[in-house]
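# Summary of structural features
Listed here are the chains, written in short residue letters.
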Amino acid sequence: MATHTDYLVTPTQSATGTLKRSVADTIRHNWPGTPFLQLVSTGVPKQDGDVIRQKGLIGKRRVATPKYEAFSFLPLGVEYLVSTGGTTSIVMSDATGIRPKSMLLNTKNKTYARVSAVSTNTLTMTSVGDTSFSAAANDYLLLCGPAYEENSTDPYILMKDPDNHYNFTQTMRFATGVSRIAEGNPHFGGHRYRIMKEEAVIDGLRKTNNTMYFGERASGTNEKTTDATLSDTFATCRGIWNWAQTSFDAGGNLTHDAFLKDLPLAMHNSVGQQTDKIFVCGTEVWASILGWINDKLVVNQNTGKFKQFGVESTDILTAKGAITVVVDDAFNQGELSKVALVFCPAKIDYVHLRQYDFKPNSKNMAENARHGRYDEINGEVSVCPWDGGYSITKVIRCN
């Protein structure tokens, strides 16, 4: 069948009959599953900055400008890696956040010491306890609370600014057009054109779904990208795949054991047992997971919570609580069938510019010289993890 990239016009008519045909009761749509937008909280934010958030779903946020920001506070670390060992003097790979009078525990040999001085990444240590403190290269030290002397003065200050994250709304338009003559044809325009408008919307939202996952913004600090061929500039949004701060390499075979233990361990420590987590993948990875279920390896498995939104999902218990598996057609395309993505919906917002969430726009006269009309769905939309992507984990080489 034809693909139309211009206004729909009446096709060639035969000399012996009209365009009336006998077809089935409806045209069957073969749309694949793209559930990202179905998991966005419902409602209309009333003011700039408002966020609608329903439990377990992606939030919906309204912003005032195409470039918008999100601030998040990432706590200072408590685990530090030793690069050069010693007893009274050691060198850390990075000592940011360690202040004098802090206490450090060597997690390997359990020896304990106070930090007497800090010079960039070099620490002077005072051992505490019956066993003398020591640390070797590649040992991990745990930062504990400071130990101040009695009647102490001038405590060491330690503060941290929040992190500033930004993204852009992306202008999307999905249009259809029909000539005035074709629109009035009872056998070709009319109802058929109305159906084509609906199909164009579904097709457009499928592509929006792909953007929410895999879109990318302009390079560096640029706000827009220049297209020399079309002589214009345009803004794009960064999708959640490109926000991910952690990753897990399944080594070409995502096993049940890796899903239960290694994948959760690769997640950031801000993702807890009770945090809602979605594992989105394609059919090929889902087939491997079904193999675990059929082999009775998965003993704690329930129907997912998203069925009421028209999204099939399955909850599987892991070392970091339940993970909800959702199949999305975006992960069936090309090499994307070998990857998956874990994200926490409560930490992600679907974003739209003021009143420019997706909405219809119809004009009876697209151009002064055009004898026809066009219809479109347009919007300026984006996606933003408000924690900077620390709750998002890429899973690569699943198969």
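Please read these numbers as outputs of a predicted model, since none were measured by experiment.

So, about the overall build of the chain. Along the chain, the regular secondary structure elements total four helices and 23 strands. In the chain, which comprises 399 residues, the share counted as buried stands at 41%. Restricting the contact set of the chain to residue pairs at least 6 apart, pairs at least 24 apart contribute 71%. Accessible surface computed for the chain: about 21800 Å², of which carbon and sulfur atoms make up 51%.

The next thing to look at is the layout of surface pockets. For the second largest pocket, the calculated volume is near 560 Å³. Lining the second largest pocket are 22 residues, with Leu 74, Pro 75, Gly 77, His 268 and Asn 269 sitting closest to its centre. Residues belonging to the lining of the second largest pocket are distributed by class as follows: 10 nonpolar, seven polar and five charged.

This part covers the packing of aromatic side chains. Applying the stated criterion across every chain, the model contains 10 aromatic pairs. The interplanar angle of 50° and the centroid separation of 6.0 Å between the aromatic rings of Tyr 213 and Phe 214 together place this pair among those described as tilted. Pairing Phe 214 with Trp 241 gives two aromatic rings, centres 5.8 Å apart and planes at 50°, and the pair type is tilted. Taken together, the positions of Phe 214 in helix H2 (residues 191-214) and Trp 241 in the loop between strand E13 (232-234) and strand E14 (246-249) put the pair 27 residues apart, joining distant regions of the chain. Take Trp 241: its relative accessible area is 13%, and that puts it in the buried class. Three or more aromatic residues joined by ring pairs make a cluster, and in this case those are Phe 36, Tyr 213, Phe 214, Trp 241, Phe 331 and Phe 343. A cation sits over an aromatic face here: Lys 160 above Phe 73, 5.2 Å from the ring centre. The lysine or arginine in question, Arg 238, covers the ring of Trp 243, its NZ or CZ lying 5.5 Å from the ring centre.

Attention now goes to the pattern of salt bridges. A full pass over the atoms with the stated rule returns 17 salt bridges. With a closest N to O distance of 2.9 Å, Arg 354 and Asp 48 form a salt bridge. Highlighted residues: Arg 354 in the loop between strand E20 (348-353) and strand E21 (359-363) and Asp 48 in the segment before strand E1 (51-52), separated in sequence by 306 residues. Looking at Arg 354, the relative accessible area reads 37%, which means it is partly exposed. Ionic pairing is found between Glu 183 and Arg 180, a salt bridge with its closest N-O pair at 2.4 Å. In this pair, Glu 183 and Arg 180 both sit in helix H1 (residues 180-183), three residues apart, roughly one turn of the helix. Several salt bridges share partner residues, and in doing so they unite Arg 180, Glu 183, Lys 197, Arg 373 and Asp 375 into one network.

Now for H2. With 24 residues, H2 extends 35 Å from end C-alpha to end C-alpha; this agrees with the ideal 34 Å at 1.5 Å per step. Taken together, the buried positions of H2 are Tyr 193, Ile 195, Glu 199, Ala 200, Gly 204, Thr 208, Asn 209, Thr 211, Met 212 and Tyr 213. Considering only its buried residues, H2 is in contact with strand E11 (170-179), strand E15 (278-281), strand E19 (340-343), E20 and strand E22 (372-385).

Bringing the sheet that holds strand E4 (residues 79-84) into the picture now. What the six strands build is a closed barrel, ordered E4-E5-E8-E7-E6-E9; its pairing is antiparallel. Along the sheet, successive strands turn relative to each other by an average axial angle of 45°, direction set aside. Bridge count for E4 against strand E9 (residues 140-144) is three bridges, and the pairing is antiparallel. Residue pairing across strands places Leu 81 opposite Tyr 140, the latter belonging to E9.

Side chains Thr 393 and Val 395 project from strand E23 (residues 393-396) onto a buried face, and the interleaved Lys 394 and Ile 396 project onto a face without burial. In this structure, E14 lies alongside E23, joined through four bridges in parallel fashion. Of the residues in E23, the one forming a bridge with Ser 247 is Lys 394. One ladder, built from three bridges, connects E19 with E23; its direction is antiparallel. What sits directly across from Val 342, in E23, is Thr 393.

So, about unusual backbone geometry. Phi is positive for Thr 120, close to 55°, though the residue is something other than glycine. Here Thr 120 lies in the loop between strand E7 (112-119) and strand E8 (122-128). You will see that Asn 151, though not glycine, has its phi angle at about 60°, which is positive. Of note, Asn 151 is situated in the loop between E9 and strand E10 (163-168). Owing to a relative accessible area of 71%, Asn 151 belongs among the exposed residues under this scheme.

Definitions and limits used
- Residues numbered from 1 in each chain as written.
- Predicted model: local features only at pLDDT ≥ 70, side-chain atom pairs only at ≥ 80, totals over all residues.
- Heavy atoms only, no water.
- Helix = DSSP H or I, 4+ residues; strand = E, 2+ residues; numbered from the N terminus.
- Buried < 20%, exposed > 50% of the residue type's maximum accessible area, 1.4 Å probe, protein only.
- Contact = heavy atoms within 4.5 Å.
- Areas by Shrake-Rupley, 256 points an atom, 1.4 Å probe, with all protein chains shown as cover.
- 1 Å grid on protein atoms, 1.4 Å probe; cavity = no way out; pocket = protein on both sides within 12 Å on 5 of 7 lines; lining within 4 Å.
- Points joined across faces, edges and corners; volume = space filled by probe spheres on them.
- Nonpolar A, V, L, I, M, F, W, Y, C, P; charged D, E, K, R; others polar.
- Phe/Tyr/Trp six-rings, centres within 6.5 Å; stacked < 30°, edge-to-face > 60°.
- Lys NZ or Arg CZ within 6 Å of the ring centre and 35° of its normal.
- Salt bridge = Lys/Arg side-chain N within 4 Å of Asp/Glu carboxyl O.
- Expected span 1.5 Å × (residues − 1).
- Pairing = 2+ DSSP bridges.
- Axes fitted to C-alpha atoms, helices over the stretch in contact; angles between N-to-C directions.

Function-wise, these values are silent; they only describe arrangement.
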